Every structure is written in structure tokens, then in C-alpha cells.
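What the coordinates show
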Amino acid sequence: MADETPEWPPAELDFDKPTIARAYDALLGGKDNFAVDRALADQTAELIPGLRESAIENRKVLVRGVRYLAREAGMDQFLDLGSGLPTVENTHEVAQRENPGARVVYVDIDPLVSVHGRALLANNDVTKVMTADVRDPGAVLSAPGVKGFLDFSRPAVIMLVGMLHYLSPDVVDDVVSAYRDVLVPGSHLFITSLVDTGLPQQQELARITRENLEEGWARTPEEIEAQFAGFELIEPGVTYTALWRPDGPVDPGDLAPGEQLGMAGIAVKL
Ligand code: SAM
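These remarks concern the structure in this document.

Each value, and the rule that gives it
Residues numbered from 1 in each chain as written. Predicted model: local features only at pLDDT ≥ 70, side-chain atom pairs only at ≥ 80, totals over all residues. Heavy atoms only, no water. 1 Å grid on protein atoms, 1.4 Å probe; cavity = no way out; pocket = protein on both sides within 12 Å on 5 of 7 lines; lining within 4 Å. Points joined across faces, edges and corners; volume = space filled by probe spheres on them. Helix = DSSP H or I, 4+ residues; strand = E, 2+ residues; numbered from the N terminus. Nonpolar A, V, L, I, M, F, W, Y, C, P; charged D, E, K, R; others polar. Near = heavy atom within 4 Å. Polar contact = N/O pair within 3.5 Å; in protein donor to acceptor, adjacent residues only side chain to side chain. Areas by Shrake-Rupley, 256 points an atom, 1.4 Å probe, with all protein chains shown as cover.

Quick look at empty space enclosed by the protein
With the rule as written, the count across this model stands at two cavities of 30 Å³ or more. Estimates place the volume of the largest cavity at around 100 Å³. As for the largest cavity, its lining consists of 15 residues, of which Ser83, Gly84, Pro86, Asn90 and Tyr106 are closest to the centre. Looking at the lining of the largest cavity, the elements with two or more residues in it are helix 3 (51-72) and helix 5 (111-120). In terms of residues, the lining of the largest cavity owes the most to one element, helix 5, which gives three residues. Here the residues of the lining of the largest cavity sort into eight nonpolar, five polar and two charged. When its volume is computed, the second largest cavity comes out at roughly 30 Å³. Lining the second largest cavity are Tyr24, Asp25, Leu28, Gly84, Leu85 and Thr87. Of the residues that constitute the lining of the second largest cavity, the class distribution is three nonpolar, two polar and one charged.

Next comes the structure, spelled out in C-alpha cells:
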């Protein structure tokens, strides 16, 4: 069950301004978005070749990553930060297919995520959803739905999937290190992010995102790797999402434009 009883419509709901969660849902072809979100998704997709495919690749690597974590790494606790609106193959579905007892907490700043999550999770005792700002790790980690539900004296997973690029340069190091610090050895950190490998569309997407959704930062692979400090990256390290443990062969020399917008990495705490 969800640990909140959100109002409908949530008081903060603004139909005139796009939000990150709803615009991303629109990019993925979901139904939980408004005209203003669809307009932003359409306009941005026109300017950035492969943007929709990039969102789909991000979802695919989320599934492969969670499957790896639950199946091969034996993880049974997941704190999914910036979890997004429910879509197909959500973190709890992938993790609980491997281990029905795996606990998942979804955290998102968009109140619509709790509303839809609550409906989806009505009969699920091992998954919770809460509305909170990831940039306040103290509040997130001490919230009853997190502190009383996940046991941080045992290995756990922190996920910042499709989320790191919404943390501005002035907060990113402090925020991510606060989450890393709460984890015991054997825990994992799973990050995907908009990347800057020198292609103009990467910084262009960051700029459009900042202008319309307040935050949006493309980072170099080295800057993304720096967020795993104190952790050991598992193979293949920080790499384009399509190349992170793909289910079938992928030619690294033949990536489509949308496959060069994001990178992924998973690391284990030493
Ligand atoms: N993790 C999902 C995935 O990879 O498919 C969703 C990614 S979506 C691109 C980013 C999500 O992060 C959105 O749902 C947005 O509302 C959320 N988000 C952005 N900034 C946030 C913040 N400061 N605190 C909590 N959530 C945030």
C-alpha cells in the first residue's frame, strides 16, 4: 500500500505548465499527461533526433539493470529516486518477478506519481510511493515510508535512473553523496543520465530542458563516473544505455542518434 492518501486533483497540479514526469510520459507514448506536456514533448522531439527512442532505451536499461540487481546481485531493497509515472515494466514489477518479497519505494516530486502509484499498488504490501524532493536526502531518508520500510543496515539499491540530469551542478555532489553514505558495503547505486560526449544535441537537449522544466544538465562520462565515488563499477562501466548489458548484440560503432543521449552505470559499494 502507498503510505500517503493523495488528493485528487493534487493541490499542486498545474495544467498550464509542463512537468518532467508528464512530459517524459508523453515521450514514452503514455496517457498520464496533458496537452501542454505533449506539446513540449513533440516540439523537443522535432529538435532532438531520436529523443523518443532515447526515452525508450532508458526504460529498457532500467529493466535490465533492476533484473541484474534482483537476480544476479541478490538485491531485495530498492529506493527508486525520481521514479516517474507508472508505465510498463516498473521497478517493483521487474524486481518482484525475481523475488516477490523485494521491497521498493518510489520517490518523485510530481504529485501525480503518488496518485497513479497508489492506484497501481493498492494490493501490494512491499511497494510504497511518496511525494518528495530528492534534493532533500535528509527528508527522504527519514520519511516513515523509507526509514521504517527499508533496512539500511542491509544492502540496498539507490536508483537515480533518468534523474541525475535534474540535479544542478551546485547540489549534485552533496545530494548523491548523502544517498551513497547511507548504504552499507554490498549495496548498489544505479544511475542513468543525459550525457555530454561532445555531440551538439546533448547540450541542446539540456538547454531546452532547463528552459522549460527548470533543470537539465548534460554531464561528461567522467562526471557521471565521479558520482560513483567509493563504489566499484560493474562491467561494462558507464556506457551508452544501449550498450549496458544488452539482451542481444549491439554494434557500438553503429549507434542511432537517440542511443547517444544517455549513459548508464551500476556500481557496488566496497
Ligand atoms: N526513473 C524513471 C525512468 O528512468 O524511466 C523516470 C525518469 S523521468 C525522466 C525523471 C523523473 O524525476 C520525473 O518523474 C520527475 O518528476 C522526477 N524528478 C525530477 N526532479 C526531481 C526531484 N528534485 N525530486 C524528485 N523527483 C524528481
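Structural notes on the site of the ligand
Contacts to the ligand come from 19 residues, most closely from Tyr24, Asn58, Arg59, Asp108 and Val161. Between the ligand and Arg59, the relevant distance is 2.7 Å, taken from an oxygen atom to a side-chain nitrogen or oxygen of the residue. Take Ile109: an N or O atom from its main chain is 3.1 Å from a nitrogen atom of the ligand. In the complex, 97% of the free accessible area of the ligand, which totals 600 Å², lies under the protein chains. Looking at the shell around the ligand, the elements with two or more residues in it are helix 1 (20-27) and helix 3. Here the residues of the shell around the ligand sort into 10 nonpolar, five polar and four charged.

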